[in-house]
Amino acid sequence: DWQIEWATEGTSVANLRHAAAELQKGTHPVAFPTETVYGLGADATRSSAVRGIYAAKQRPADNPLIVHFSSLDQLRALLRSPDYSSSTDPIPAIYHELIQRFWPGPLTMIMPLPSPSPLAPEVTAQLSTFGARMPRSLIALLLIHLADRPIAAPSANASTKPSPTAAEHVAYDLDGRITTILDGGPCDVGVESTVVDGISGDTPVILRPGGVSIDELRACPGWERVEVAYKDKAEMDSVSKAGAEADGKPARVAPRAPGMKYRHYSPRARVVLFEAGAGVPGPDAVQEGQRKVGLIRTKRWPRGCGFDDQELLEVNLGSDTRSIARGLFSALRELDRKDVDVILVEGIDEREGDVAAAVMNRLRKAAEVEVKGS
Ligand code: TXA
Ligand code: MG
């Protein structure tokens, strides 16, 4: 019963209608392309439909999902509680400028959950907020529009694996668990949306770096002082060491974005991340017995790096930050499929802006070992 629906071919309208009908039926989640990564979608207002997402991905149930909209009116209708009568905009004012600039696009905004909640409880995992996003991909927008309901969708990978940036990645992870994939070709951005919260605290915060950069956010009125609330693994280690209690136990760092505490973006092979400035790895970077070495190069590493005794598989992501983001998850997956023992990755400087912070955030989560720069 497995099939890939080729939405990019001549029958695209029929396939879109089919996928939208599947979303309305709610028996199986539907995988679809967005400009960031592929999502696994279901009707966000129906528990049974949303449970299908968690089952297919084998995702822990306390990690909430992002809700996708195709229009502002669709979001407003959901934000208005049933007895709402005023004509004011239910979308919090702090988000108006962000919506103007970045929607549709790779930005997720944390919204207040109306009471009673119109969303399936499985979407929000006990929280009194939910994440809202309007994707820029035309296939995604059309699908949501045709389904005519808000669509809850996490990335369409098996939990803990790198996010899928092509339909083949979804098929590889979820074969036999889902029935419909809309194929829109490779994703344009390649890393997930930036998640921001402008309503829960005194200052707006970034919960996850992504397709919209911190500099772009800071250029918006009300967002000049936006703070970073995510912790990369490197920082997490140093935070817990610095905050060690008198009895020697590390102080706990409570994750704010629930997704932060899980293993993420991990291929089977051990990933060793070389931070920008850490130098070029040689044969001493791999352990004994690691015969097959994957190398992901970006800005400076030369070809080969002198691994004469190993079988070397190289992926060159190029030096353009956007191309690096676009190719990153695919490179991790490709080397994993070729059964390498270890993947050495050339990191980039996250301070260079654009999607560099998102790239390094994902790499640090995928890496078991980090080699620091000087
Ligand atoms: O680009 C994307 O955002 C993709 C595409 C499919 O839209 N989706 C995606 O979903 O990355 P997912 O489930 O893999 O990541 C959702 C992130 C998680 O880190 C989750 O913890 C956070 O958003 N999140 C969702 N609802 C939240 C809430 N109410 N408060 C704080 N964080 C929330
Ligand atoms: Mg994900």
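Cut-off values and rules
Residues numbered from 1 in each chain as written. Chains lettered and ligands numbered in written order. Predicted model: local features only at pLDDT ≥ 70, side-chain atom pairs only at ≥ 80, totals over all residues. Heavy atoms only, no water. Helix = DSSP H or I, 4+ residues; strand = E, 2+ residues; numbered from the N terminus. Expected span 1.5 Å × (residues − 1). Buried < 20%, exposed > 50% of the residue type's maximum accessible area, 1.4 Å probe, protein only. Arc of directions from axis to C-beta. Salt bridge = Lys/Arg side-chain N within 4 Å of Asp/Glu carboxyl O. pLDDT = per-residue confidence, 0-100. Contact = heavy atoms within 4.5 Å. Near = heavy atom within 4 Å. Polar contact = N/O pair within 3.5 Å; in protein donor to acceptor, adjacent residues only side chain to side chain. Areas by Shrake-Rupley, 256 points an atom, 1.4 Å probe, with all protein chains shown as cover. Axes fitted to C-alpha atoms, helices over the stretch in contact; angles between N-to-C directions. Parallel < 35°, antiparallel > 145°, perpendicular 65-115°, else oblique. Left-handed = near helix turned anticlockwise from the far one by under 90°. Nonpolar A, V, L, I, M, F, W, Y, C, P; charged D, E, K, R; others polar. Core = buried A, V, L, I, M, F, W, Y, C linked by side-chain atoms within 4.5 Å. Pairing = 2+ DSSP bridges.

(A) Just helix H1 (residues 12-25), in detail. Taking 1.5 Å per residue, 14 residues should reach 20 Å; H1 reaches 20 Å between its end C-alpha atoms and fits that length. Listing the buried residues of H1 in full gives Asn-15, Leu-16, Ala-19, Ala-20, Glu-22 and Leu-23. Taken end-on, H1 shows its buried residues confined to a sector of 155 degrees, consistent with a single buried face. Of the exposed residues in H1, the ones pointing more than 90 degrees away from its buried face are Val-13, Arg-17 and Lys-25. Just downstream of H1 lies Gly-26, where phi reads positive at about 80 degrees.

(B) The pattern of salt bridges, seen in detail. Enumeration according to the criterion identifies 22 salt bridges in this entry. Between Glu-22 and Lys-25 there is a salt bridge; the shortest N-O distance is 3.0 Å. Of this pair, Glu-22 and Lys-25 are both found in helix H1, three residues apart, which corresponds to roughly one turn of the helix. Judged by relative accessible area, Glu-22 falls into the buried class, the value being 8%. A residue is classified by how much of its surface remains accessible, and Lys-25, at 51% relative accessible area, is exposed. Linking Arg-326 and Asp-188 is a salt bridge whose minimum nitrogen-to-oxygen distance equals 4.0 Å. Of this pair, Arg-326 sits in helix H10 (residues 321-337) while Asp-188 sits in the loop between strand E8 (180-182) and strand E9 (194-197), placing them 138 residues apart in sequence.

(C) Highlighting the confidence of the model for the protein chain. Counting all residues, the mean pLDDT for the protein chain is 88, and 87% of those residues have values of 70 or more. This model gives residues 236-261 a pLDDT under 50, and the stretch forms 33 contacts once residues within four places in sequence are excluded.

(D) The arrangement of the site of ligand 1 in detail. Taken together, 24 residues lie around ligand 1, and Thr-36, Arg-59, His-68, Ser-193 and Arg-208 are the ones closest in. Contact between ligand 1 and Arg-59: an oxygen atom at 2.9 Å from a side-chain N or O atom of the residue. Here Arg-208 contributes a side-chain N or O atom positioned 3.0 Å from an oxygen atom of ligand 1. Here ligand 1 loses 95% of its free accessible area of 680 Å² to cover by the protein chains.

(E) Region of interest: the packing of H10 against helix H11 (residues 356-366). Interhelical geometry of H10 versus H11 gives an angle of 30 degrees and a closest axis separation of 9 Å. The orientation of H10 with respect to H11, classified from their angle, is roughly parallel. Both H10 and H11 take part in a crossing whose hand is left-handed. Contact with H10, carried on its side by Thr-321, Ile-324, Ala-325, Leu-328 and Phe-329, involves Ala-356, Val-359, Arg-362 and Leu-363 of H11 and no other residues of that element. A per-class count over the contact of H10 with H11 returns seven nonpolar, one polar and one charged.

(F) Just the nonpolar core, in detail. Counting 56 residues, the largest nonpolar core has Tyr-95, Leu-98 and Phe-130 as its most contacted members. For this core, the element with the most residues is helix H2 (residues 47-57), which contributes five residues. Not counting chain neighbours up to four residues away, the residues in contact with Tyr-95 comprise Met-109, Ile-110, Met-111, Val-196, Asp-197, Gly-198, Ile-199 and Trp-223. Counting 30 residues, the second largest nonpolar core, distinct from the first, contains Val-191, Ala-269, Leu-332 and Val-355.

(G) Broad picture of the sheet that holds strand E13 (residues 292-297). Ordered by their spatial adjacency, five strands build an open sheet running E14-E13-E15-E12-E16, and the pairing between neighbours is parallel. The open sheet has two edge strands with one neighbour each: strand E14 (311-316) and strand E16 (369-371). Adjacent strand axes in the sheet meet at a mean angle of 20 degrees, parallel and antiparallel pairs treated alike. Taken together, the five bridges between strand E12 (residues 270-274) and strand E15 (residues 342-346) define a ladder with parallel strand orientation. Bridged to Leu-273 within E15 is Val-345. On top of the sheet, H10 reaches E12, E13, E14 and E15; it is set at about 170 degrees to E13, its chief contact. Along the sheet face, H11 touches E12, E15 and E16 and points at about 135 degrees away from the line of E12.

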